[in-house]
Structures are given as C-alpha cells and as structure tokens.
Amino acid sequence: MTGSKSKALFERAKKTLPGGVNSPVRAFEPYPFFVECAHGSKLFDAEGKKYVDYCMAYGALLLGHANSEILEAVKAQLSKGTLYGAPTELEVKFAEQISKASPCMEMMRLVSTGTEATMHAVRAARGYTGRKKIIKFDGCFHGSHDNVLVKAGSGAATFGAPNSLGIPEETTRNTIVLPYNDVEALETMFKNEGGDIAAVIVEPVMGNVGLILPKKDYLSSLRKITAQNGAVLIFDEIITGFRLALGGAQEYFNIKPDMATLGKVLGGGFPLAAFGGKKEIMQNISPVGKVYQAGTFSGNPVSATAGFTILTYLNKNKNQIYPKLEKNASALKAALTDLSTQHKLPAQVYSIASLYQIFFTKNAVTNYACAKHSDAAMFTAYFRELLKEGVFIPPSQYETCFLSAAHTEDDLKFTINAFDKALSAAAKTRKTP
Ligand SMILES: Cc1ncc(COP(=O)(O)O)c(C=O)c1O
C-alpha cells in the first residue's frame, strides 16, 4: 500500500531491528512507510509521497516539523558544544520557565524520556511517603518501565502484551490497577489499603487507548481522596503538558497535583522530559536526599535549548495558538461525527484542545474496558484508506491524533475529504448489511 522503497527498507530493517522498528507503535501491516523528511504539517516518505501528519511524533511536535525558530536556536547551540557533564545557566532558566508554566512544579529534574520521568516520579513518591504501593488506571500508559507496565495502553495494548514478559511478578505486586473514571473503586481501595499507598499516577486525559476524557469532578475527586490519605497525586502530563494549555491539565482543569511528569512537547522535538512537584517531595532527591536519580544526558544543552525556545514561543503566542488548535480539533471532530452519521457507522468521536480520536462503537467510551468494544477491523480500514489518501494518523485505535500549530485550513479541508473516503471504507467492513 505504500511504496516499494519502504517495502525493501522494511525487509532490510527486520534483519537488525525487532519487527523492523525502534518502537512497536511504528509497526503496522503490511509494512510502515519509511520517512525521508518532514516540514510543517507534512511528512514525506522514501518515495516522495506527501502525508498530512496527525501523529506528530506521537504528540511531541506542537509547532509542527522542523520549526525554524527551534532549528536556528539549536544550530547556534551545536557550535558551542552538545554535552558538558556540568551544569549550565540554561538549565536554571529553563527550570524556572517550566515552574512558572506548570503550577505544581516547584522543583524538578530534567531527564531524557517520559519513561525516565515517570520511573523517577514513582520512586520519589515512595521515598517521600515511605510506602510501597502505587495505583495506576487500566489502559493508562506511563512509559515502558517495570512498575507501570501493567495493563498499560499504547503499543502494549495494540500488540496484546499489556503485561510484558520479562517483568517478575514480584516487581508489579505493589502496582494496583483500577478502572479510570470510577471514584467508588478508588475510595474502596483507599479504605482497604490506604496506609500502604504511596502514590496515584494518572493520565489526566487518557491518550494511550484512544482519547478518553475525565468525567466531571473525577480529577477533583482524585485530588481530594489522595490528600485525605496522605498519598502523592502524580499527573502524568507527558501528553497533556503544553497541549491542553501552557500549564497542561493542571491549568485546564484547575487542579494542583503533588507531582507531575512532562515530556514530548517540552523537548521541542528533542529528547527531553521532566519530573517534579512540591519542594518537600523533591528535596529528597540525591544529592540532597536519599532518593537516587541520575542521567548522563539529563538537561543536555541541545534538548534544553529546543525546550527553552518552544516554551518561550508558547509563552508569547499562547493566546493565538491554543484557541486555534482547539478550534481545528473541534472542526475535525464535527466532520468525523457528521460523516459517520452519513455512512451509518456506530461512532464516538472525542476531542479536547489539540487532541481528537474516533472509536467505532455505539456506546460512550469512558474507560479502557469500553474502548475495547470498538470495532478494530473498521479502524484498520479507516486508517489504511486515510494513508492511501495522504493522511497519516497513528496506526492503532489505542492512540490519539495530534494537531499542530502548522496545520492549515487547506490541510483540514484535505483531511475532511479523506475522512469521507476512509469512513466509506470502514462502512464496507460491516459484518451485517
Ligand atoms: C502519558 C505518557 N507517559 C509516559 C510516556 C513515555 O514517554 P517516552 O516515550 O518519552 O518514554 C508516554 C509515551 O507515549 C505517554 O504517553
């Protein structure tokens, strides 16, 4: 379905890379297209075919590909060195900027990936409380480290291994999994295990099993229950950070967690993430305290330059960028909803800020169990037709689509036209006429 160059590259890739890719979410049947270059809202494959991109590196690129301000700033930094192994003023300025944007981040550590950020956030919460157990929610994905790779979303959901081999049962014995959007389940768990629970980690908006929004008051209930029980509330804002608003879900829903993790957008397209929160928690991190955390590439000047540049840009332009992104996502949602009705498809379409997704099911999707009822064959037909038409979305139902500030009115028109064809293809997979 994509070109012969990609097919040949995939055959070659499979010999040295498991499944031909460096992250499972990039693999799809019969083979993925291989990228030659990307600019603005577009990706170009090895054959030169152009795609309007709604994957945006799984949400990392809020300003689109190859943003000129970020590139210029990074080029200037490259000539001054790429890694020092000693602190820089830039890291301090950047941390101050993050702290100003994200209400709960009084202190933080910069790291290189979201996985590192959530791993250290959980460790910091356990170190601070002296408790062992953590609560996560079914289908929330917090990166691929042992403590949280239990009933996780994203690639783990797509490829059928929500509990990975290679993780000893003993390691995840202290990870409790509850359904999302269910306050009662949380209250019951705290009643039974409250004194042992160090932290509740949550994607404030679920973005790794499709897009699932929190019910009204759900996040404030999480805040209340964790506070009452002395457990640390961690918002994993790797997707929602700088996407829902400059201050992420914390600002959007006006809730202050004890800790947060940030990544993706934060690095402006370079590997960078952060975990942080209340001073009293973060002051336990080494070398001041006894919670160990370290990283050769942490706060490296290239990623920090890109991150500082994008945050400066967002600070200046937030009043134009966020309303435009929300308007564009709503327009795509409205088009998908109308076209699904026209094609007589059972569909639930959700959007918030610059995120949107469709589920092929007749019932509302409020947690992972509901998401699993959606029709996978319909989604695959929809994805493949979009790809044929030159629109790239994440290949799995268990991901979210991402808009960037680089998407234009013409891109949206082109996409809505492709939606029509893709939903028609999805309708053809219907089992009963
Ligand atoms: C909510 C969330 N947390 C953590 C991660 C892990 O981030 P990374 O892939 O940078 O390790 C992801 C990645 O998709 C994510 O969506």
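Please read these numbers as outputs of a predicted model, since none were measured by experiment.

### Examining the overall build of the protein
Step number 1: Check the secondary structure of the protein and you find 15 helices and 14 strands.
Step number 2: Over its C-alpha atoms the protein spans a radius of gyration of 21 Å, differing by no more than 12% from the 22 Å that the globule rule assigns to 433 residues.
Step number 3: In terms of overall dimensions, the protein has C-alpha extents of about 60 × 55 × 45 Å along its principal axes.
Step number 4: Residue burial in the protein is summarised as follows: out of 433 residues, 55% are buried.
Step number 5: Contacts spanning at least 24 positions in sequence make up 72% of the contacts within the protein whose residues lie at least 6 apart.

### Considerations on the sheet that holds strand 1 (residues 35-39)
Step number 1: Spatial strand order, 1-2-3-13: four strands in an open sheet with mixed pairing. Single-partner strands in this sheet number two, and they are strand 1 and strand 13 (391-392).

### Regarding the side chain of Q250
Step number 1: Secondary-structure assignment places Q250 in helix 10 (residues 248-252).
Step number 2: Apart from the residues within four sequence positions on either side, Q250 is in contact with S102, P103, C104, F235, E237, I255, P257 and A260.

### Describing the pairing of strand 11 (residues 348-352)
Step number 1: Burial analysis of strand 11 places five of its five residues in the buried class, the great majority of the element.
Step number 2: Burial of the side chains of strand 11 extends over both faces: Q348, Y350 and I352 are buried on one face and V349 and S351 on the other.
Step number 3: Note that strand 11 and strand 12 (residues 355-359) share five bridges and pair antiparallel. By the bridge assignment for strand 12, V349 is matched with I358.

### Observations regarding the pattern of salt bridges
Step number 1: Going through the model one piece at a time under the given rule, you end up with ten salt bridges.
Step number 2: The shortest N-O distance in the salt bridge between D411 and K42 comes to 2.9 Å. Taken together, the residues D411 in helix 15 (residues 409-427) and K42 in strand 2 (residues 42-45) connect sequence positions 369 residues apart. The pair formed by D411 and K42 is uniform in burial state, with each residue classed as buried.
Step number 3: Across the salt bridge formed by K388 and E385, the nearest N and O atoms sit 3.6 Å from each other. Pair noted here: K388 and E385 are both in helix 14 (residues 376-389), with a separation of three residues, about one helical turn.
Step number 4: We classify K388 as exposed; its relative accessible area is 55%.

### Focus: the site of the ligand
Step number 1: With respect to spatial proximity, the complete set of residues near the ligand consists of T113, G114, T115, F141, H142, G143, E203, N208, D236, I238, I239 and K264.
Step number 2: One of the side-chain N or O atoms of K264 is found 2.9 Å from an oxygen atom in the ligand.
Step number 3: Notes on the ligand: free accessible area 390 Å², of which the protein chains cover 81%.

### Quick notes on the packing of aromatic side chains
Step number 1: One pass over the structure, following the stated rule, counts 15 aromatic pairs.
Step number 2: Consider the rings of Y350 and F359, whose centres lie 6.0 Å apart with planes at 70 degrees: the pair is edge-to-face.
Step number 3: Given a relative accessible area of 16%, Y350 falls into the buried group.
Step number 4: An aromatic cluster is built from Y54, Y356, F360, F379, Y382 and F419, whose rings are joined through pairwise contacts.

### Looking at the nonpolar core
Step number 1: Membership of the largest hydrophobic core comes to 67 residues, with the highest contact counts inside it found for Y54, F242, L314, Y382 and I393.
Step number 2: It is helix 12 (residues 301-342) that contributes the most residues to this core, 14 residues altogether.
Step number 3: Counting the residues that make up this core, at least three belong to each of domain 1 (4-66 + 318-427) and domain 2 (68-313).

### Structural notes on the environment of I285
Step number 1: Considering the arrangement of structural elements, one finds I285 in the loop between helix 11 (279-282) and helix 12.
Step number 2: In sequence terms I285 and T309 are 24 residues apart; their C-alpha atoms lie 27 Å from each other.
Step number 3: In contact with I285, other than residues within four places in its own chain, are R109, A124, F275, V291 and Q293.

### Concerning the layout of surface pockets
Step number 1: The volume enclosed by the second largest pocket comes to roughly 610 Å³.
Step number 2: Lining the second largest pocket are 27 residues, with E91, R109, L110, S298 and G299 sitting closest to its centre.
Step number 3: Listing elements by their share of the lining of the second largest pocket, those giving two or more residues are helix 4 (89-101) and strand 4 (107-111).
Step number 4: Counting residues per element, the lining of the second largest pocket draws most heavily on helix 4, which supplies five residues.

### Describing the domain arrangement of the protein
Interface extent is often summarised as the accessible area lost during association of the parts.
Step number 1: Domain annotation for the protein reports domain 1 (4-66 + 318-427) and domain 2 (68-313).
Step number 2: On a C-alpha basis, the centroid separation for the pair domain 1 and domain 2 is 25 Å.
Step number 3: Contacts between domain 1 and domain 2 engage 36 residues on the former and 34 residues on the latter.
Step number 4: Here domain 1 and domain 2 share an interface that buries about 2,900 Å² over both sides, 65% of which is from carbon and sulfur atoms.
Step number 5: Its largest share of buried area at the contact with domain 2, domain 1 owes to Y322, I352 and Y368, together 21% of the area lost on that side.
Step number 6: There are zero salt bridges connecting domain 1 and domain 2.
Step number 7: When residues of the side of domain 1 that touches domain 2 are traced back to their parent elements, those giving at least two are helix 2 (56-59), helix 12, strand 11, strand 12 and helix 13 (368-371).

Parameters and conventions
- Residues numbered from 1 in each chain as written.
- Predicted model: local features only at pLDDT ≥ 70, side-chain atom pairs only at ≥ 80, totals over all residues.
- Heavy atoms only, no water.
- Helix = DSSP H or I, 4+ residues; strand = E, 2+ residues; numbered from the N terminus.
- Rg over C-alpha atoms; globule rule 2.2 N^0.38 Å.
- Buried < 20%, exposed > 50% of the residue type's maximum accessible area, 1.4 Å probe, protein only.
- Contact = heavy atoms within 4.5 Å.
- Pairing = 2+ DSSP bridges.
- Salt bridge = Lys/Arg side-chain N within 4 Å of Asp/Glu carboxyl O.
- Near = heavy atom within 4 Å.
- Polar contact = N/O pair within 3.5 Å; in protein donor to acceptor, adjacent residues only side chain to side chain.
- Areas by Shrake-Rupley, 256 points an atom, 1.4 Å probe, with all protein chains shown as cover.
- Phe/Tyr/Trp six-rings, centres within 6.5 Å; stacked < 30°, edge-to-face > 60°.
- Core = buried A, V, L, I, M, F, W, Y, C linked by side-chain atoms within 4.5 Å.
- Domains from an automatic or database assignment.
- 1 Å grid on protein atoms, 1.4 Å probe; cavity = no way out; pocket = protein on both sides within 12 Å on 5 of 7 lines; lining within 4 Å.
- Points joined across faces, edges and corners; volume = space filled by probe spheres on them.
- Buried area = accessible area lost by both parts, 1.4 Å probe.

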